[in-house]
Amino acid sequence: MMSEDETPGEKSPLLSPNHSSRPNGNRRGSRRLSTKTFDVASIEAAFNNGVRPSLIGPGSYPITLSWEHINVKVKVHGKRSICGESLPANEKHILDDINGVVEPGSLVAIMGASGSGKSTLLNVLTNRNNRDYMTTGTFRLNGVEVSGGVSNISAYVQQDDLFISTLTVREHLQFRALLRMDKTLNKRARLERVEEVIDEMGLIACADSHIGNPGGSKKGISGGEKKRLSFASEALTGPPIFFCDEPTSSLDSFMAKSIVYTLQDMARKGATILCTIHQPSSDIFAMFGHILLLSEGRVAFMGERNECLQFFNKQGYPCPRKFNPADHYILTLAIQPGNEEECRRKTNTICDAYSKSDNAQDILESSVTASQNAGEDDHTLVKMVTEFAESSRYKSSTLTQLIQLFWRAWTSQFRDPILFGVRVGQAVVIGLMLSLIYLDQDIDQSGVQNICGALFIIMMQICFNNTFAVLSSFPQEVNLVMREFGTGLYRLDTYYVTKSMSEIPLFCMITILFATLCYWMIGFYNSFEAYCIHVGILMLANIIAASISYLISIICGETHLALTVIMPVVMPLLLLSGTLLNNGDVPDYLVWLEAVSFFKYTYEILMVTQWQHIKSIDCDRSNMDLGNITIPPRPCAYVTGNDVLASKDMHKENVEEDVGILFAIFAGFYILGYIVLYIRGKRSRE
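What you are looking at is a predicted structure, and each value in this text was computed from that prediction instead of being measured.

Rules used throughout
Residues numbered from 1 in each chain as written. Predicted model: local features only at pLDDT ≥ 70, side-chain atom pairs only at ≥ 80, totals over all residues. Heavy atoms only, no water. Helix = DSSP H or I, 4+ residues; strand = E, 2+ residues; numbered from the N terminus. Buried < 20%, exposed > 50% of the residue type's maximum accessible area, 1.4 Å probe, protein only. Contact = heavy atoms within 4.5 Å. Expected span 1.5 Å × (residues − 1). Arc of directions from axis to C-beta. Polar contact = N/O pair within 3.5 Å; in protein donor to acceptor, adjacent residues only side chain to side chain. Pairing = 2+ DSSP bridges. Axes fitted to C-alpha atoms, helices over the stretch in contact; angles between N-to-C directions. Phe/Tyr/Trp six-rings, centres within 6.5 Å; stacked < 30°, edge-to-face > 60°. Parallel < 35°, antiparallel > 145°, perpendicular 65-115°, else oblique. Left-handed = near helix turned anticlockwise from the far one by under 90°. Nonpolar A, V, L, I, M, F, W, Y, C, P; charged D, E, K, R; others polar. 1 Å grid on protein atoms, 1.4 Å probe; cavity = no way out; pocket = protein on both sides within 12 Å on 5 of 7 lines; lining within 4 Å. Points joined across faces, edges and corners; volume = space filled by probe spheres on them. Patch = residues over 30% accessible without salt bridge, like charges linked within 9 Å, V, L, I, M, F, W, Y side chains within 5 Å. Areas by Shrake-Rupley, 256 points an atom, 1.4 Å probe, with all protein chains shown as cover. Salt bridge = Lys/Arg side-chain N within 4 Å of Asp/Glu carboxyl O. Right-handed = clockwise from strand over helix to strand, strands pointing away.

**Digging into the overall build of the protein chain**
Broken down by element type, the protein chain carries 24 helices and twelve strands. Relative to its 686 residues, the protein chain shows a buried fraction of 52%. Considering only contacts in the protein chain between residues 6 or more positions apart, those separated by 24 or more positions represent 76%.

**Some thoughts on helix α5 (residues 187–200)**
Over its 14 residues, α5 extends 20 Å from the first C-alpha to the last, a length consistent with the 20 Å expected when each residue adds 1.5 Å. For α5, the full list of buried residues reads Arg-190, Arg-193, Val-194, Val-197 and Ile-198. Buried residues of α5, seen end-on, are gathered within an arc of 140° and therefore sit on one face of the element. In this structure, the buried residues of α5 make contact with α4 (169–180) and α6 (223–235). One side-chain oxygen at the N-terminal end of α5 lies 3.3 Å from the backbone nitrogen of Arg-188; it belongs to Asn-186. Phi turns positive, to about 70°, at Gly-202, one or two residues after α5.

**Comments concerning the sheet that holds strand β4 (residues 134–141)**
Strands sit in the order β2-β1-β4-β5 across an open sheet of four strands; the sheet is antiparallel. Pairing within the sheet leaves two strands with one partner each, and these edge strands are β2 (90–102) and β5 (144–146). Strand-to-strand twist of the sheet, defined as the mean angle between neighbouring strand axes without regard to direction, takes the value 20°. Bridge analysis of strand β1 (residues 65–76) against β4 gives seven bridges, and the strand direction is antiparallel. Paired with Val-72 across the bridge in β4 is Thr-135. Strands β1, β2 and β4 of the sheet are contacted by helix α2 (residues 118–126), whose axis makes an angle of about 115° with β1.

**Focus: the packing of aromatic side chains**
Overall, the coordinates contain 24 aromatic pairs when judged by the stated rule. Among the aromatic residues, those joined into a cluster by ring pairs are Phe-474, Tyr-496, Tyr-550, Phe-666, Tyr-670, Tyr-674 and Tyr-678.

**Here's the deal with the sheet that holds strand β10 (residues 298–304)**
Pairing in this open sheet of six strands is mixed, and the strands run β6-β7-β8-β3-β9-β10 from one edge to the other. Looking at which strands have only one partner, the edges of the open sheet turn out to be β6 (154–157) and β10. Ignoring which end each strand starts from, the neighbouring axes of this sheet average 15° apart. Contacts between helix α10 (residues 325–333) and the sheet are confined to β3 (107–112), β9 (290–295) and β10, with β9 contributing the most and set at about 20° to the helix.

**Describing the packing of helix α17 (residues 474–486) against helix α18 (residues 492–522)**
Between two packed helices, both the angle of their axes relative to each other and the distance between the axes serve to describe the pair. Running from N to C, α17 and α18 point in directions that differ by 150°, and their axes come no closer than 11 Å. Relative to α18, the element α17 lies roughly antiparallel. The two elements α17 and α18 meet at a crossing, and its hand is right-handed. Side by side, α17 and α18 meet where Phe-474, Glu-477, Val-481, Met-482 and Phe-485 of the first sit next to Leu-492, Tyr-495 and Lys-499 of the second. Here the contact of α17 with α18 is composed, by residue class, of six nonpolar, no polar and two charged.

**Considerations on empty space enclosed by the protein**
The tally for this structure, following the rule as stated, stands at six cavities of 30 Å³ or more. Computed from the structure, the largest cavity encloses a volume of approximately 190 Å³. Around the largest cavity sit 16 residues that line it, and Leu-162, Arg-176, Ser-230, Glu-234 and Arg-483 are the ones nearest its centre. A class-by-class count of the residues in the lining of the largest cavity yields five nonpolar, five polar and six charged.

**Remarks on a nonpolar patch on the surface**
On the surface, a nonpolar cluster with roughly 760 Å² of combined accessible area is contributed by Leu-399, Leu-402, Ile-403, Phe-406, Trp-410, Phe-414, Val-497, Met-501 and Met-509. At six residues, the largest contribution of residues to the nonpolar patch is made by helix α14 (residues 398–415). With respect to the secondary-structure elements, Met-509 resides in helix α18. Judged by relative accessible area, which is 37%, Met-509 ranks as partly exposed.

**Some remarks on the pairing of strand β7 (residues 241–245)**
Counting buried positions over the five residues of β7 gives five, a clear majority of the element. Covered by surrounding structure in β7 are Ile-241, Phe-243 and Asp-245 together with Phe-242 and Cys-244, the residues of both alternating faces. Across four bridges, β6 lies against β7 in parallel orientation. Paired with Ala-155 across the strands is Phe-242, a residue of β7. For β7 and strand β8 (residues 272–276), the ladder comprises five bridges, and the chain directions are parallel. Each bridged residue has a counterpart across the sheet, and for Cys-244 the counterpart in β8 is Cys-275. With helix α7 (residues 253–268) bridging β7 and its parallel neighbour β8, the resulting β-α-β unit is right-handed.

This is how it looks when you write it as structure tokens:
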């Protein structure tokens, strides 16, 4: 039966085992943190039998999360003075002595005005994005003190949803299940879990639909379905704690309410859920059982939602009738521009009143009591939490990661019309166009210039074709990779290898298609061996261009920025290829740049392959008769193919060395790309 304080659609939190219910109110001692959520005897027996019970997964034990005296500071560097000296750096207090506890089955809304510390608290609790923080305080799970273990047994659903757009909902979840779920589960059990989660999250209707990308060419599931898919992705392993960053942002009221209903259902099954939320509607606010209000890094209130109204009434800030309580709390605690001092006095008064309240004292005392009990009795629990904190981040073997990542990359590129259809069509159209322009070239004086120009255009087109294709898609994927790596889904080196290896067949196919069309129609040297060398070198150059594109994409992180950077990087390499500027005329101060120009070595091999076997080049030696004037014939610029190579300062003796240098350039850019990816991944976890 619904109590007077409950609203329609709200249910009381599910209590953990051995957790007795407590009456509402703020009586001292009424709040006691549950410490006996684990059946110690059964866990001890499991350990004695060599079985480690899991803290996460379907049927796992509920977890109570508490934190004591959390303080977070950051250094604010002083501005330079007029004399050029830097002013001393100051420390800014972001979180000030924060205490809190969230029990199993609780759905907690973390609220506050902008700059109140909501995101900082979430970052500290999830141990993410805190590289610049100076943090002190204690975190506990069921009374057991932990440091980095919270992130290993929790899920973090971020505000923006990132997916591979070409996968279906079911494929995405199966991919994560095979990589993230416990090693002890076989494949059948994991796939069955996927179907359970699809049903629980209300994704049955869109299970076989492509996820899609709203800003791209492929439409897919709706925004609300994507948000539920984000929860489903994390719910596969059944983590006992969920952190959610603005789960209702950018959603309409109906879809936002649907998402919170999903969170309610997860809480009823024993999950501990904390959400930052920005100005929820009254209907959505009423669906949260507990709230945590922050103001400039201090706790203004933490407890049951209905108790908050009573607390603000006592402080002289009653909520007007028919007014959204969430808006009232945020407006009361906000620092209004132009009235900062008065607003700070008001918020400090509220925060001071809460810190002295029975509710705040109960939270702190219950956490201390739980810590003492856990230290005396729950030695097995301490062992489990420590073991989980120190366990490997990766739940699947390297081989499994290789297989699944290769499957995802392979599937994605052939389903993406930009990566596959457009690139293949572009290769055919441009290949035919160039072939018709340079159709059937003769080996004569004018034909030399045409053939050399055609080789340069073909080399440039093949390299730039895949360069821009990579830059238009890979930067977005890098952001997804950083998130998946942060959750321990796979290793970065495994991803990098499978990503590049899966795209090499497509690069080679496009190169073969484009080069074959041009080679025979234009009339290059008629030899199958020369044709194979021609195509092979273009494939190598294509892969080098792709490795440069990977590097720039990882550094830039944004598509528009990568597309802007690529031309200043590649254009000097192209100018030093030996066509637009003779190799012997490169200025001394650009020799170092010429040495890394893969265009130079590629073009030299293409030219040698074309001209080294040409023994005679036609030359018209007849006089030109212009009536009364007879013009003697011009001397032939080229008599043999070696003359063409000499004019470009190219030598056939350099071919083997050129091939080796091309492989070295590829290895250099490829390894450098991984190093930058690793640095980004390491920073994303700090």
